[in-house]
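Each chain, written out:
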Amino acid sequence: MRATKRATKAASFRDSREYLAAELDWLDRALSLLLHLFHRREAKTEGQGLFLSQKEAERLLSQNPPADEPDAEALRASLDRSRREIVSRRKASLEEGVYLSLPHLAHLFHLSPVEETALLVSLAPELDPKYAKLYAYLQDDLTRKFPSVDLILTIARLQGAVGPQGRFFFSAQAPLLRWHLLHPAGEAGLPIPRLNQGLVLDERIVAFLLEIAQFDAKVLPYVQPLRRKERALPSPAAEVVSQLQGLITSQFQQQNAPRRKVLAYFYGPGAPDGRGIAEQLCETLKIHLIEVDLAALHQAGLAGALPFAEGLRRIVREALLQPAALYLSGFEKWREEGKGDISVMESLLREASWLTFIEGTEPRVPGAISEESLFLPFALSLPDAHRRIEGWRGLIDRAPTTIGKEEIESLSLRYRLTLREMEEAMCLARDRATLRSPAQAEVTCDDLLWACRERSQVHFGGLARSMTPRASWEDLVLPNPLLQQLREIVSQVRHRPQVLHDWGFEKKLLLGKGIYILFMGPSGTGKTLAAEVLAQMLGRDLLKVDLSAVVSKYIGETEKNLQRIFSGAERSDAILLFDEADALFGKRSEVKDAHDRYANIEVNYLLQRLEEYEGIVILATNFAQNIDDAFSRRIQMSIEFPFPNEASRLEIWKKHLPKEAPLAEGVDLEYLAGQFKIAGGNIRNIVLNAAFLAAEAGGPIQMVHLLQAIRREYEKMGKLFSESEFTLPPALATERAVPKRSAR
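We now turn to the structure provided with this report. Remember, predicted model here, so these are calculated numbers, not experimental data.

If you look at the biggest cluster of nonpolar residues, it comprises 84 residues, and the most contacted ones within it are Leu-27, Phe-109, Leu-119, Ile-155, Leu-294, Leu-326 and Met-345. Element by element, the count of residues in this core is highest for helix H2 (residues 16-41), at 11 residues. Residues lining this core come from more than one domain, with at least three contributed by each of domain 1 (16-44 + 51-210) and domain 2 (220-379). Setting aside anything within four residues of it in sequence, one finds Leu-27 in contact with Leu-120, Val-121, Ala-124, Tyr-131, Tyr-135 and Ile-155. In this structure, Met-467, Phe-519, Ala-535 and Ile-618 belong to the second largest nonpolar core, which totals 29 residues.

Rendered as structure tokens:
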């Protein structure tokens, strides 16, 4: 008996190709039967399919279906035998672990036998054009080369009973159309009965069934496959990988319990390093990882290229087909700019994506708690100085470079980057070195500093402008007490680690660990220049905040912009310069309406964020009396920049004239310093404008050029003047156009 069973046991299919060939053979038999029945009902005539004959109309109105003839019975019997053999061999194949693409696709999307038949019937014309002609013939319309819902259901009935509910397998909510496995054929938007609707198999599904490695072309611009890079994760990140691996492994080991979908949410300043966690976990699990740019996908929807909901569903479908985990980046930008419906996205992920990572910034919880999924938030902090040093060393060891140990430590202290941002900065530096020397690209410290600065700019989004400091102490013309105050600021910054950490003062300061400085004085007296000198002496970037971009009329937007500025400055250890600070740090007013209330909220938020910031903040203002008292109390050092006296103005005139500039013999800088009471910023403008006038005249800079430039500066300032101010004394009335440097 056992020997007999072994002999009659169905042989399994070797692979998907053999299985699909058997299914297509069955489809040929099914179409032969339908063609026989169709031909017996009405003999075909030339041109039939382009019109409806009277005989066909009468048949459609008849209540009695035609009975099968002997030939049809033989065809049906052959068809049934073929179907039983396929079912038996398919079962044997699956039991032996043979991969069959069509049954696997049905398993992934929970498809019924009718829906499997729909995929098979739609696949046939993609493999052989004869099926398009046969479908058109059977549908009595030469233009209908794709199978209709009615034809698919007719073929499905040859496998078994299909009730009236069969048409609902092709509704927009059913898997075939919801997951874009099939698409309606013809022009979109035209009303057509569902049974008459033609269907086309999606190109990605064609490739999947034929086991062709291919990514969905529609979503390819918004995704990128990720592979783990050669790096060692720091211990906190490695612990997260271990926890997730243990959780997922335990789920697969439970035989009876349903597997819950896992959604890991990374947030905090170190959230970009979540990608490294995801990469290592997926490599351990031997699965692919796909990164999705939600913001770019949203922009594609706005541009009409691809609706966001369809794009995201296609990406989730891709993750099921590969299989792969998803890493969603650009989440906060999508949520803020796109006003994305997070609940819809979460519902889709719970439905199908078994492992998803989201990179955010703020802590959050899902809108709906589900027993079918696990939501796991992970707060990731920035790597400390020690881990940053280790990270830079690992990157530098793999690249040709001359960067030494001290430079690595200085770089690690100056820029508080995540490991992912450090990798991106190293790539930028390597590209810059390659541009400089294609044959032998050696990364220098300047390359890496430039790359870190460029990488840090990403955080500001146009809210602040990075200024490369070039000025030095020699460029400042200030009274000695003010210069001494500025030198004390430099000293404080340099000795902060010793005073705060080594001497224990940090324990006494819960907040307010930064250095907050107020520069006050008339416009053009050197406040911005002094900030630039401080940045140069301390080796830091100077970030000048654009108040016009920061302050927004929309409620809550100003606070978001300030958060972005302070967070970005913390990452680059930059000096923040708020010019005309009284516009933002002004006195709070009595609340009389909603506008006053929200304006006061902005000031309160700014106070809170200022106390939390541990770097250097410089507030520059022309009107110190307008600064809110709460800010004034937090100011550690206040420096008043006086309007320059005659001796200072003379020094400023000299400093603003380059050595290379030709200066006429008759130019009297002492006269200009005494005659015109203007600030250093105005003198800089005047000297530059006078140089252009001299260049146009084709000679050296003369008094007439300087006086003309002063006149234009007065007009720009709206300052009243008389013609007598611009009348030269007799001794200076005649100028000789001879270059001379003695005037300086």
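Counted by the stated rule, this structure contains 14 aromatic pairs. Judged by centre distance (6.1 Å) and plane angle (25°), the rings of Tyr-265 and Phe-375 are stacked. Note that Tyr-265 is positioned in strand S4 (residues 261-267) and Phe-375 in strand S8 (residues 373-379), a separation of 110 residues in sequence. The class of Phe-375 is partly exposed, set by a relative accessible area of 22%. Relative to Phe-641, the ring of Phe-519 lies with its centre 4.9 Å away and its plane at 65°, an arrangement referred to as edge-to-face. With Phe-519 in strand S10 (residues 515-520) and Phe-641 in the loop between strand S14 (637-640) and helix H28 (646-656), this pair connects stretches of sequence that are 122 residues apart. Summarising the burial analysis for this pair, Phe-519 and Phe-641 share the class buried. Over the ring of Trp-473 we find Arg-487; its NZ or CZ atom is 4.3 Å from the centre of that ring.

This part takes up the packing of H28 against helix H30 (residues 680-697). Contact geometry for H28 and H30: axes closest at 10 Å, N-to-C directions at 40°. Judged by the inter-axis angle, H28 sits oblique to H30. For the pair H28 and H30, the crossing hand works out as right-handed. For the pair H28 and H30, contact is made by Arg-649, Ile-652, Trp-653 and His-656 and by Gly-680, Ile-683, Arg-684, Ile-686 and Val-687, respectively. Partitioned by chemical class, the residues of the contact of H28 with H30 number five nonpolar, two polar and two charged.

On to the pattern of salt bridges. For the coordinates displayed, the defined rule picks out 24 salt bridges. Among the salt bridges present, the one from Asp-202 reaches Arg-314, with a minimum N-O distance of 3.2 Å. With Asp-202 in the loop between strand S2 (199-201) and helix H10 (203-209) and Arg-314 in helix H14 (residues 308-321), the pair connects residues that are 112 residues apart, well separated along the chain. With a shortest N-O distance of 3.9 Å, Glu-279 and Arg-275 are connected by a salt bridge.

Thresholds applied
Residues numbered from 1 in each chain as written. Predicted model: local features only at pLDDT ≥ 70, side-chain atom pairs only at ≥ 80, totals over all residues. Heavy atoms only, no water. Core = buried A, V, L, I, M, F, W, Y, C linked by side-chain atoms within 4.5 Å. Buried < 20%, exposed > 50% of the residue type's maximum accessible area, 1.4 Å probe, protein only. Helix = DSSP H or I, 4+ residues; strand = E, 2+ residues; numbered from the N terminus. Domains from an automatic or database assignment. Contact = heavy atoms within 4.5 Å. Phe/Tyr/Trp six-rings, centres within 6.5 Å; stacked < 30°, edge-to-face > 60°. Lys NZ or Arg CZ within 6 Å of the ring centre and 35° of its normal. Axes fitted to C-alpha atoms, helices over the stretch in contact; angles between N-to-C directions. Parallel < 35°, antiparallel > 145°, perpendicular 65-115°, else oblique. Left-handed = near helix turned anticlockwise from the far one by under 90°. Nonpolar A, V, L, I, M, F, W, Y, C, P; charged D, E, K, R; others polar. Salt bridge = Lys/Arg side-chain N within 4 Å of Asp/Glu carboxyl O.

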